[in-house]
Amino acid sequence: MNLPTVALVGRPNVGKSTLFNRLVGRKVSIIEDTPGVTRDRIYGEVNYQNYCFHLIDTGGIDVSHDFFQDEIKVQVSIAIEESDLVVFVVDGKEGITESDKVIRDLLRKSGRPVIVAMNKIDHKNSNLHQYDFYELGFDTYIPISAEQNTGIYELLEKITENFPEKEVEEDSRLKFCVIGRPNVGKSSLINALLNEERVIVSDQAGTTRDAIDTVLKYNKEEFVLIDTAGMRKKGKVLESIEKYSLLRSLKAIDRSDLCLLVLNAEEGIIEHDKHIASYALEKGKGIIIVVNKWDMVKNPNTKEYEKLIRNEFQFLSYAPIVFLSALTKKRIHTLMPEVLKVAENIKREIKTSVLNEVISDAYQLNLPPSYKGKRLKIYFVSQTGIKPPKFTFQVNNKGLVHFSYERYLENQLRENFELEGTPIMIQFKNRGEE
């Protein structure tokens with residue numbers, strides 16, 4: 001299911017980030033780019049009753065002649081284009097400003113449905129300007145205080161009133177997506193996979209803001225390939241913004257079982273590659289790292305390059321690495337066997353008796369450190385989920401679990417069971433705890 005997308009827009013200091021954190025339900029750190037570059041857009045997921053949607057927080061638009069305002073406007077325009085609905089956040093204490101009017105004009109041109117959230121309406125004197133905002137000409141106005149958590153229920157009700165309820169996925173075919181920043185060769189890789197097997201069964205294009213799903217047959221089995229590559233809208237300004245790929249990737253990651261993270265061997269690894277990979281990890285998806293354009297590398301050395309990747313992506317130490325050239329199709333045949341292997345591993349179920357035997361041996365081999373005379377004891381381990389595999393440890397006191405010991409236990413699980421390419425979720429519960 002494609003989740004709807006909501007964008008928060010408004011001028012600086014009206015409380016967009018506070019509202020974003022309130023709706024997402026946790027504090028999400030503001031991503032600051034390198035000096036001289038405007039603040040990145042931030043993405044989150046909101047779960048409300050039977051609804052779920054993506055939320056984009058954007059930089060504030062000001063009518064000042066600051067050089068970076070043009071950049072921010074382009075970022076906001078992209079966020080609006082990607083959205084199904086826009087929440088226009090205004091400062092209920094200050095009333096309408098020129099910047100509000102600039103944003104109003106931008107929203108009118110977009111044609112997106114708009115809800116005006118009049119923020120900072122948190123005491124009697126702060127609603128003096130409430131009715132001034134009707135001058136903006138939109139249909140829906142909701143007074144809120146993101147800080148005080150008032151009006152948030154009404155806002156969420158309005159946002160979700162025309163959204164579809166969450167559906168249970170019934171399609172049992174493995175879904176995998178190709179993610180990565182622009183120009184790493186995602187389209188070429190998808191074409192190479194499809195041409196290699198000569199099996200395009202159907203193309204189903206969504207709206208301009210959706211990814212495209214293609215059915216791929218391999219070894220008499222059907223897979224759904226989710227294409228995140230490229231923008232549907234032409235325009236050099238928009239195409240030049242690398243950050244655009246984040247939301248498209250996030251949407252595709254949500255719907256996938258595993259992800260192919262494509263890197264450009266010619267350019268090497270940059271921070272944005274890690275941003276995209278971290279979303280896949282956060283969502284618990286299987287990952288294969290695909291090093292594309294390997295034919296363009298002078299003096300190629302897979303061992304050295306793998307060492308570099310492991311150093312840069314320490315949080316993906318379990319992900320298999322495939323070196324290939326999508327354009328020449330060199331080594332393309334090595335990719336699908338890895339996909340099949342990871343597809344098995346993300347849903348791998350381990351027998352409880354074998355699991356407990358391995359963990360018991362690991363515990364005896366390396367006892368956890370004692371703290372104030374107390375030592376962690378592990379009574380029982382069970383697998384409590386798949387996609388990704390999840391393991392629950394019954395212990396005497398979960399407060400005694402040190403992160404280094406948790407990492408040791410994860411390493412033991414990986415060494416003893418086939419779990420390459422899949423993250424592992426480990427949770428600790430005190431004995432008797434629900």
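Analysis parameters
Residues numbered from 1 in each chain as written. Predicted model: local features only at pLDDT ≥ 70, side-chain atom pairs only at ≥ 80, totals over all residues. Heavy atoms only, no water. Axes fitted to C-alpha atoms, helices over the stretch in contact; angles between N-to-C directions. Helix = DSSP H or I, 4+ residues; strand = E, 2+ residues; numbered from the N terminus. Parallel < 35°, antiparallel > 145°, perpendicular 65-115°, else oblique. Left-handed = near helix turned anticlockwise from the far one by under 90°. Contact = heavy atoms within 4.5 Å. Phe/Tyr/Trp six-rings, centres within 6.5 Å; stacked < 30°, edge-to-face > 60°. Lys NZ or Arg CZ within 6 Å of the ring centre and 35° of its normal. Buried < 20%, exposed > 50% of the residue type's maximum accessible area, 1.4 Å probe, protein only. Pairing = 2+ DSSP bridges. Right-handed = clockwise from strand over helix to strand, strands pointing away.

Visitor: How should the packing of helix α11 (residues 352-365) against helix α12 (residues 403-416) be read in this particular structure?
Guide: How two helices pack is summed up by the angle between their axes together with the distance between the axes. Contact pair α11 / α12: the axes reach a minimum separation of 10 Å and the direction vectors enclose 130 degrees. Our classification of the angle between α11 and α12 gives oblique. As for the relative orientation of α11 and α12, their crossing is right-handed in sense. The residues of α12 that touch α11, namely those facing L355, V358, I359, A362, Y363 and L365, are Y405, Y408, L409, Q412, L413 and N416.

Visitor: Whenever I open this one, the packing of aromatic side chains confuses me. Can you help?
Guide: The relative placement of two aromatic rings is captured by the distance of their centres and the angle of their planes. Tallied over the full model, the rule gives 11 aromatic pairs. Aromatic side chains F88 and F138 sit 6.2 Å apart centroid to centroid with 90 degrees between the ring planes, which places their arrangement in the edge-to-face category. Residue F88 is located in strand β4 (residues 85-91), and its partner F138 is located in the loop between β5 (114-119) and β6 (140-143); the two are separated by 50 residues in the primary sequence. Feature note: the residues W294, Y305 and F323 constitute an aromatic cluster, connected by ring pairs. The residue whose ring lies beneath R431 is Y379, and the NZ or CZ to ring-centre distance is 3.7 Å.

Visitor: I tried to follow the pairing of β4 on my own but got confused; where do I start?
Guide: Successive residues of a regular strand alternate their side chains across the two faces of the sheet. The element β4 is extensively covered by neighbouring structure, given that seven of its seven residues are classed as buried. Side chains L85, V87, V89 and D91 of β4 all project onto a buried face; the interleaved residues V86, F88 and V90 project onto the opposite face, where all are buried too. Strand direction decides the pairing type here: strand β1 (residues 5-9) and β4, joined by four bridges, are parallel. Within the sheet, the bridge partner assigned to L8 lies in β4 and is V87. Where β4 meets β5, six bridges bridge the pair, whose relative direction is parallel. Its bridge partner being in β5, V89 is matched across the sheet by A117. Crossover handedness for the path β4 to helix α3 (residues 98-110) to β5: right-handed.

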